[in-house]
Amino acid sequence: MALRARALYDFRSENPGEISLREHEVLSLCSEQDIEGWLEGVNSQGDRGLFPASYVQVIRAPAAEPPAPAGGARYANLPPGGFEPLVPPAAFNPPVQQLPPPAAAEPFPLPPAFPPAPYSGSYQPSQGSDDDWDDDWDDTSTVADEPGVLGSSYPDYEAAGGGGPTSARYRLSTRSDLSLASRNSQQPGHPHHHPGGGAKSSATVSRNLNRFSTFVKSGGEAFVLGEASGFVKDGDKLCVVLGPWGPEWQENPYPFQCSIEDPTKQTKFKGMKSYIAYKLVPSHTGQQVHRRYKHFDWLYGRLAEKFPVISVPHLPEKQATGRFEEDFISKRRKGLAWWMDHMCSHPVLAQCDAFRHFLTCPSTDEKAWKQGKRKAERDEMVGANFFLTISVPTGPAAALDLQEVESRVDGFKSFTKKMDESTMQLTHTANEFARKQVTGFKKEYQKVGHSFKGLSQAFELDQQAFSANLNQALAFTGEAYDTIGEFFAEQPRQDLDPVMDLLALYQGHLANFPDIIHVQKGALTKVKESKRHVEEGKMEVQKADGIQDRCNIISFATLAEIHHFHQIRVRDFKSQMQHFLKQQILFFQKVTQKLEEALHKYDSV
């Protein structure tokens, strides 16, 4: 009996391994078991892959299975025989969700629940054996239980008629010019009059039905369509200013750095659990704190969720085995040092409350850490509300030309694609070259040294006193080549490894920008659609202008982030290439010095 399902809605694939669906299309399921809200199957086009379980309804009737594509599964991680569960059935075995047919009155039916995509720009907390979460972090208390921590909502000072610190905390909303106007235009007694005649019909910009789109998940769509509303504190405001090269983030008035030193192995639960703690020393406080990898992981998750148009640098990868080995600890510390440098260098990230808490909360004050942690996790300025915090330049000189913005973003998109390809190629080349130095070059030079030593030993059999110095010189030459072989094996740590660490960090940045660009592109699409409605007489100019104004906020932020990326890229690659070439020069100077020593041994022959 073949398993089949009927598509309830259209679904457009955006990631490798997914397949697109058309409403009413019948698919063949590879398994009725859904994995984190996704099913695997074959659509009517013969494409095999994943799709949201909430977008289909299972048909429990025998049917012939459509033929699989000739190339096998398109999803690289899927075996030909079907999809292997990611978690044991005992731990996760939800029933397949069956949905009733959408009501006829709903023009754009949406599923009631939207499972997370298998890959997206939003952060998914990593759960590995490396520094996993401890129960001392998680308890049942809420942020409202802790003194001095803001609850989930702020008092509405406007509704109270004043009396509150409105200068420090104020309400911003984008609802009035779109949602309310749309409703009022459809109510009797609220016609919208325009010069030249009767009431103009009201139209709304269409919504993206793909709930997995980064534009939707980030809150960008809701913000552009005027559905964001929240209280913004002065400390939450993010300012974009006009610099000599265009929009850029306002500089941090109090820049600082933070070193990461002395990774030490520590234990808890009477030695049953071990972990590595790193000493952090921020320059602006001078007070050291100790943080584990799980603290870094938590901070990264909060920032990646909060800042959809900012590239939060990726952390060094987890490792399940060998994480207490000296080489791994040293490599991770260097990766975290690069990560910390990029965090401190970013005008927005460096001033984020969660980052400040991470750097300044005393390591021994567990209660204070939990309070700050919960406060960050209850932050209201995320999603659509995050865009309310962005302040952009105003006036004619600050006006953005949509075509110019689109051209600049497209150019940056091409740049990042080419840079990503180049960094991957350079990483592969440098890694291969380092491998040859550690193994091949060392071995070859030592073979040469062994041969010179062999010749010296042969010459010693002549028993002639006047040839003793020559024999010694040959032996020293052999030793010199042995030493040079060791130089080659040790050199990658000095020059190639730092370059590859930098490339790894930038590969993480480059992986972030497709989602950032997608948010900005989605906003531009809404502007174009609203302008078309205005030309067709279906939308008020004021409503379309509101959409464009909110799109401009996203565009300003995107261009500011692009500018910052180029700024730190020039700084980092200049510094790293200077270091690389200096180390190369020192290396060849050591080789030359060793060869010169061998040469002088022959002066006394």
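Bear in mind that the values here come from a model prediction, so they are computed numbers and not experimental data.

A. Quick look at the pairing of strand E14 (residues 289–292). Sheet topology places strand E13 (residues 273–282) next to E14; four bridges connect them, and they run antiparallel. Note that in E14 the partner of alanine 277 across the bridge is arginine 292. Taken together, E13 and the strand that follows it, E14, pair antiparallel across an intervening segment of six residues, in which glycine 286 is found at a positive phi of about 70 degrees.

B. Structural detail: the confidence of the model for the chain. Of the residues in the chain, 74% reach a pLDDT of 70 or more, and the chain-wide mean stands at 78. Across the chain, helix H11 (residues 541–600) holds the top mean pLDDT of 96, while strand E7 (residues 193–194) sits lowest at 38. Here residues 63–167 scores under 50 on pLDDT; set against residues more than four positions off or in separate chains, the count is 177 contacts.

C. Layout of the packing of aromatic side chains. If you walk through the whole model with that rule in mind, you get 25 aromatic pairs. Ring centres of tyrosine 9 and tyrosine 55 lie 5.6 Å apart, and the angle between their planes is 80 degrees; on these two criteria the pair is classed as edge-to-face. Of this pair, tyrosine 9 sits in the loop between strand E1 (3–7) and strand E2 (26–29) while tyrosine 55 is found in the loop between strand E4 (48–52) and strand E5 (56–59), placing the two residues 46 residues apart along the sequence. Classification of tyrosine 9 by relative accessible area gives buried; the value is 7%. Geometrically, the ring pair formed by phenylalanine 513 and phenylalanine 565 is edge-to-face, given 5.1 Å between the ring centres and 75 degrees between the ring planes. Placement of phenylalanine 513 in helix H10 (residues 496–535) and of phenylalanine 565 in helix H11 is noted, with a sequence separation of 52 residues between them. You can call phenylalanine 513 buried: its relative accessible area is 1%. Put simply, the rings of Phe433, Phe441, Tyr445, Phe452, Tyr481, Phe488, Phe587 and Phe588 touch in pairs and so form one group of aromatic residues. Arginine 291 extends its terminal NZ or CZ atom over the ring of phenylalanine 358, reaching a point 5.7 Å from the ring centre. For the cation-ring pair, lysine 590 lies above phenylalanine 487, with the distance from its terminal atom to the ring centre recorded as 4.5 Å.

D. Examining the sheet that holds strand E11 (residues 246–249) more closely. One open sheet accounts for three strands, arranged E11-E10-E15; its pairing is mixed. The open sheet terminates on both sides in strands that have one partner only, identified here as E11 and strand E15 (390–391). For strand E10 (residues 238–243) and E11, the ladder comprises four bridges, and the chain directions are antiparallel. What sits directly across from leucine 242, in E11, is proline 247. Sheet strands touched by H11: E10, E11 and E15. Its angle to E11, the strand with the most contacts, is close to 80 degrees.

E. Region of the structure containing the packing of helix H8 (residues 402–459) against H10. Close contact between H8 and H10 brings their axes to 9 Å; oriented N to C, the two are set at 160 degrees. In terms of orientation, H8 lies roughly antiparallel with respect to H10. Read as a crossing pair, H8 and H10 show a hand that is left-handed.

F. Local environment of the packing of helix H9 (residues 468–490) against H11. Between H9 and H11, the least distance of the axes is 9 Å, while the angle of their chain directions is 170 degrees. The angle between H9 and H11 places the two elements in the roughly antiparallel class. Contact with H9, carried on its side by Phe476, Thr477, Ala480, Tyr481, Thr483, Ile484, Phe487 and Phe488, involves Phe587, Lys590, Val591, Lys594, Leu595, Glu597 and Ala598 of H11 and no other residues of that element. Residue classes in the contact of H9 with H11 are distributed as 10 nonpolar, two polar and three charged.

G. Representation of the sheet that holds E4 within the structure. Strand order in this open sheet of five strands is E4-E3-E2-E1-E5, and the pairing throughout is antiparallel. Where the open sheet ends on each side, the last strands, each with one partner, are E4 and E5. Direction aside, the axes of adjacent strands within the sheet are offset by 45 degrees on average. Strand direction decides the pairing type here: E1 and E5, joined by four bridges, are antiparallel. Looking at the pairing, arginine 4 lines up with isoleucine 59 of E5.

H. The arrangement of the nonpolar core in detail. In terms of nonpolar packing, the biggest core is built from 84 residues, with Phe223, Leu280, Phe296, Phe307, Met340, Phe355 and Phe358 touching the most fellow members. With 12 residues, H11 is the single largest residue contributor to this core. Residue contacts for leucine 280: discarding those within four places in its chain leaves Cys258, Ser259, Ile260, Gln287, Gln288, Val289, Arg291, Phe296, Met340, Phe358 and Leu359. Counting 18 residues, the second-largest nonpolar core is a separate cluster that includes Ala7, Leu50, Tyr55 and Val58.

I. Layout of empty space enclosed by the protein. Enumeration according to the criterion identifies one cavity of 30 Å³ or more in this entry. In this structure, the largest cavity encloses a volume near 50 Å³. Residue contributions to the lining of the largest cavity peak at four residues, all from H11. Considering only residue class, the lining of the largest cavity consists of three nonpolar, five polar and one charged.

J. Broad picture of the pattern of salt bridges. Scanning the entire structure with this criterion turns up 21 salt bridges. Here aspartate 501 makes a salt bridge to lysine 331, at a shortest N to O gap of 3.3 Å. In this pair, aspartate 501 is assigned in helix H10 and lysine 331 in helix H5 (residues 326–345), connecting sequence segments 170 residues apart. A salt bridge links lysine 538 to glutamate 536; its shortest N-O distance comes to 3.4 Å. Given a relative accessible area of 38%, lysine 538 falls into the partly exposed group. Overall, glutamate 536 belongs to the partly exposed group, its relative accessible area being 44%. Taken together, the salt bridges that share partners define one network made up of Glu406, Asp410, Lys521 and Lys528.

K. Layout of the side chain of threonine 558. Of note, threonine 558 is situated in helix H11. You can call threonine 558 buried: its relative accessible area is 1%.

What counts as what
- Residues numbered from 1 in each chain as written.
- Predicted model: local features only at pLDDT ≥ 70, side-chain atom pairs only at ≥ 80, totals over all residues.
- Heavy atoms only, no water.
- Pairing = 2+ DSSP bridges.
- Helix = DSSP H or I, 4+ residues; strand = E, 2+ residues; numbered from the N terminus.
- pLDDT = per-residue confidence, 0-100.
- Contact = heavy atoms within 4.5 Å.
- Phe/Tyr/Trp six-rings, centres within 6.5 Å; stacked < 30°, edge-to-face > 60°.
- Buried < 20%, exposed > 50% of the residue type's maximum accessible area, 1.4 Å probe, protein only.
- Lys NZ or Arg CZ within 6 Å of the ring centre and 35° of its normal.
- Axes fitted to C-alpha atoms, helices over the stretch in contact; angles between N-to-C directions.
- Parallel < 35°, antiparallel > 145°, perpendicular 65-115°, else oblique.
- Left-handed = near helix turned anticlockwise from the far one by under 90°.
- Nonpolar A, V, L, I, M, F, W, Y, C, P; charged D, E, K, R; others polar.
- Core = buried A, V, L, I, M, F, W, Y, C linked by side-chain atoms within 4.5 Å.
- 1 Å grid on protein atoms, 1.4 Å probe; cavity = no way out; pocket = protein on both sides within 12 Å on 5 of 7 lines; lining within 4 Å.
- Points joined across faces, edges and corners; volume = space filled by probe spheres on them.
- Salt bridge = Lys/Arg side-chain N within 4 Å of Asp/Glu carboxyl O.

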